[in-house]
Amino acid sequence: MTVKQDIEDLKQTIHLHDHLYYVKNSPSVSDQEYDALLRRLRELETSHPEYVTPDSPTQRVGGKVDERFKAVVHPVPMLSLDNTYNVDEVRAFHQRVLKGLPGVPEDSIEYVVELKFDGLAVALTYENGLLVRGATRGDGLQGEDITANLRTLRSIPLKIDTETFNRIEVRGEVFMPKKEFERINAEREAEGEVPFANPRNAAAGALRLLDPAVTAQRKLGIFIYAVGFLDNNPCKTHFELQKKLEALRFPINRYNRLCENFESALALIEEFRDKRKELDYEVDGLVIQLNSLAHRKQLGETSKFPRWAVAYKYEAEQAVTEVIDIVCQVGRTGSITPVAELRPVLISGSTVSRATLHNEDEIKRKDIRVGDRVVIEKAGEIIPKVVRVIEQSGERGQPFKMPAICPECQASVHRPEGEVVWRCVNSSCPAQLKERLKHFSSRKAMDIDHFGPAVIEQLVDSGRVKNFSDLYTLKTDEVASLERMADKSAKNLISAIEKSKHAGFSRLLHALGIRHVGQRTAILLARKFRSMKKLQEVDFNELEKIDEIGPVIAESLKAFLDQDSNRKEIEQLQEQGILMEEQGNAPESGGSLQGRQFVLTGTLARFTREEAKEKIQSLGGRVTSTISKKTDYLVAGDSAGSKLDKARQLGIPVLDEEALQKLIESPSAGSG
Ligand code: IVH
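Residues numbered from 1 in each chain as written. Predicted model: local features only at pLDDT ≥ 70, side-chain atom pairs only at ≥ 80, totals over all residues. Heavy atoms only, no water.

Undergrad: Explain the state of the cysteines here, please?
TA: Cysteine pairs can be linked by a disulfide, which is a covalent bond between their two sulfur atoms. Counting across every chain of the model gives zero disulfides. We note that Cys-235 lacks a disulfide partner, and the nearest cysteine sulfur, in Cys-259, lies 19 Å from it. You can see Cys-328 has no disulfide; the closest cysteine sulfur is in Cys-406, sitting 9.4 Å from it. (Disulfide = S-S within 2.5 Å.)

This is the structure:
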């Protein structure tokens, strides 16, 4: 046998073992045997580099990622699916299908039901049997070239049998298995890094790393669920096509089901409701789709969704865990909220170790005690809550009682008539102050970066900061001397504080934390009165008359402004140079980019930076100079540098100018 043949055989054997291990979950050799094969191949390839081919298993980590992922236009747009949480809406979908296929008997309509994986959509293109490109979905029209990173996924074939197709693009979902997610987060926490919120984010981060060798260490998986295009399609149905793909060794999910009619498709919703939780990957729903490709064609698609498929999403996920303790948290208005500390448990993709118990009545009603096993639930991004007790602990403690004094400052607590919430009456309670400072510095208020809970904690506990205006007297040296504070971070914090002086009147009003004066009201007031001075002079009746203000807000505002200590604090802030006038138009609240944070880098061609910034701001978005976890998008022009790397590391979407333009025109683009 020639060396060339040897190499060919080894490649095929290793590909087969990869397939058995990563796709079929049934390895037929031991790890040592596998490693020996790979080692042998490497040796041969080293002595005969002329025989190294791109589809060799030694070349999974080989290609380099450009400094910037190249944009890739999808030859066929990557649509998304119409979502529903409701079985009736799935029935309505079926009715629309029937209506769109006149003359087709209902009992001849087959559906395929697949799990809906919660990961990231990608497209893989094969030419003459070789994987030539892998791209993210991006905004559906245009994604990013992440070929080098996708090649490291060992369930993705680098080479497929060319007899069937010359050119094919398959699509699928990349995910991080739950176990791998936990492993990586434990590692990150041990290294003092911020853990990923859920497996999806972790997978997104791993796919966008600049070093494919690191991607290779993350054990990402993929399921192929669709074909973008192929040159000659021998199949009449989706299910047949999936079988073909499976035969080509693409990873196809084992739970895909062919259903002879709509009712049996519907029945799977119940079947998978619990089953999905036992899987090692996140599944957030089911995809219900027509089997016949001809019928799909006949129905077509809207600009966003195919008319031949729908996604049923499962309601908030629940999990069972144990109450380790019940503690009380003091909020910024002195409200005392009982919180359950839980044995950490994974729910809806993130680890949960606390849940709100709302108030005393709620705990009594549900009779929740330390040691009990409870059902917790998380709906979307909201804080998880305890639904009910399912098992009482053997030695149940006393029923929970609200503390008679503030757990933080020992001042007395008070429950106003008709309210359910207890409050600490001490307005200088350090716990309240800490929360107020967090609010004051938050993104939608004064937006002071680098002012984390650890810094706030130290400044309040030492008595150095007793109110907002004290912040503006801080010096770099004293901040640098705080625990876990490097010189650089201290400088950053001081300059962020300095910058916040110009945040503007509406932000300041919001930041002060006046009850019932949220962001929107603050903007309204700022637009109407233009300055703190004018607002202070206004009389109550006039305030009340403003649309959207009303007596409750008016009263609260007046009470705040009339109080001596608050007046003094406002004076102090003014003396420190905090801007108390509104400049220009107060930003529209509820603009299409409301709450989204952008960073601009590199040279833009279509806009000047200033124009891009103004445009984003006019739609309610924010433009900041440094990338952090809070950044929603990096807009990268030519010769973008370190910010781009950072964005990639954090898994933050990167937009080029065109994508920015699209986002400005249609803000739902780019969020997929
Ligand atoms: S089929 C025209 N099947 O869900 C789109 N999608 O909301 C056809 N997804 O972008 C998609 N699992 O990222 C399909 N078994 C599955 C899926 C699946 C997850 C994702 C996919 C898509 C999104 C649609």
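Undergrad: Help me understand the sheet that holds strand β7 (residues 167–175) in this model?
TA: Pairing between the strands of a sheet is mediated by backbone hydrogen bonds and can be parallel or antiparallel. Judged by pairing direction, the sheet is antiparallel, and its four strands sit side by side in the order β5-β4-β7-β8 without closing on themselves. With partners counted over all chains shown, the strands left at the sheet margins are β5 (130–136) and β8 (221–230), one partner each. Strand-to-strand, the axes of this sheet are offset by a mean angle of 25°, without reference to chain direction. Across eight bridges, β7 lies against β8 in antiparallel orientation. Looking at β8, one finds that Val-170 is bridged to Val-227. Along the sheet, helix α6 (residues 199–207) makes contact with β4 (120–127) and β7, crossing β4 at roughly 40°. Along the sheet, helix α8 (residues 238–247) makes contact with β7 and β8, crossing β8 at roughly 115°. (Pairing = 2+ DSSP bridges. Helix = DSSP H or I, 4+ residues; strand = E, 2+ residues; numbered from the N terminus. Axes fitted to C-alpha atoms, helices over the stretch in contact; angles between N-to-C directions. Contact = heavy atoms within 4.5 Å.)

Undergrad: Sorry, what's going on with the pairing of strand β12 (residues 317–330) here?
TA: Consecutive side chains along a regular strand alternate between the two faces of the sheet. As paired strands, β12 and strand β15 (residues 373–378) are joined by six bridges and run antiparallel to one another. Bridge pairing links Val-320 to Val-375 in β15. Looking at chain direction, β12 and strand β13 (residues 335–347) are connected through seven bridges and run antiparallel. Of the residues in β13, the one forming a bridge with Val-327 is Val-339. Connecting β12 to the next strand, β13, in antiparallel fashion are four residues, including Gly-334 with a positive phi near 85°.

Undergrad: I would appreciate a short explanation of the site of the ligand in the present structure.
TA: If you check the shell around the ligand, you find Leu-79, Ser-80, Leu-81, Glu-114, Leu-115, Lys-116, Phe-117, Ala-121, Glu-173, Tyr-225, Val-287 and Pro-306 and nothing else. The contact in question runs from an oxygen atom of the ligand to an N or O atom on the side chain of Lys-116, over 3.3 Å. Taking Glu-173, its side chain carries an N or O atom lying 2.4 Å from an oxygen atom of the ligand. Protein contacts shield 89% of the accessible area of the ligand, which totals 520 Å² for the unbound molecule. Counting residues per element, the shell around the ligand draws most heavily on strand β3 (residues 111–117), at four residues. In terms of residue class, the shell around the ligand is made up of eight nonpolar, one polar and three charged. (Near = heavy atom within 4 Å. Polar contact = N/O pair within 3.5 Å; in protein donor to acceptor, adjacent residues only side chain to side chain. Areas by Shrake-Rupley, 256 points an atom, 1.4 Å probe, with all protein chains shown as cover. Nonpolar A, V, L, I, M, F, W, Y, C, P; charged D, E, K, R; others polar.)

Undergrad: How should I be thinking about the packing of helix α21 (residues 550–562) against helix α22 (residues 564–575) in this particular structure?
TA: Any two packed helices are characterised by how steeply their axes cross, that is the angle between the axes, and by the distance between the axes. Remark: α21 packs on α22, axes separated minimally by 5 Å, with the N-to-C direction vectors making an angle of 70°. Classified by the angle their axes make, α21 and α22 are roughly perpendicular. On α22, the residues that touch Phe-560, Leu-561 and Asp-562 of α21 are Asp-564, Asn-566, Arg-567 and Ile-570. Split by residue class, the contact of α21 with α22 holds three nonpolar, one polar and three charged. (Parallel < 35°, antiparallel > 145°, perpendicular 65-115°, else oblique.)

Undergrad: Please clarify how the packing of aromatic side chains should be interpreted in this entry.
TA: To describe a pair of aromatic rings, one takes the distance between the centres and the angle between the planes. On inspection of all chains with the given rule, the structure shows 13 aromatic pairs. Ring geometry for Phe-598 against Tyr-633: centres 5.2 Å apart, planes inclined by 25°, an arrangement best described as stacked. One end of the pair, Phe-598, is in strand β19 (residues 597–601); the other, Tyr-633, is in strand β21 (residues 633–636), with 35 residues separating them in the sequence. Each residue in the set Phe-117, Phe-175, Phe-223 and Tyr-281 is aromatic and connected to the rest through ring pairs, giving one cluster. Just above the ring of Phe-272 sits the side chain of Lys-275; from NZ or CZ to the centre is 5.1 Å. The ring of Trp-308 has Arg-296 sitting right over it, with the charged end atom 4.1 Å from the ring centre. (Phe/Tyr/Trp six-rings, centres within 6.5 Å; stacked < 30°, edge-to-face > 60°. Lys NZ or Arg CZ within 6 Å of the ring centre and 35° of its normal.)

Undergrad: How do you make sense of the sheet that holds strand β10 (residues 283–290) when you look at a structure like this?
TA: Strand order in the open sheet formed by five strands is β2-β11-β10-β3-β9, with mixed pairing between adjacent strands. Looking along the sheet, the strands with just one partner apiece sit at the ends: β2 (83–84) and β9 (257–259). Bridge count for β3 against β9 is three bridges, and the pairing is antiparallel. Its bridge partner lying in β9, Val-112 is registered against Leu-258. Relative to strand β11 (residues 309–313), helix α3 (residues 87–100) is tilted by about 175°, and along the sheet it contacts β2, β3, β10 and β11. Lying on the sheet, helix α9 (residues 262–275) is in contact with β3, β9, β10 and β11; it crosses β9 at an angle near 145°.

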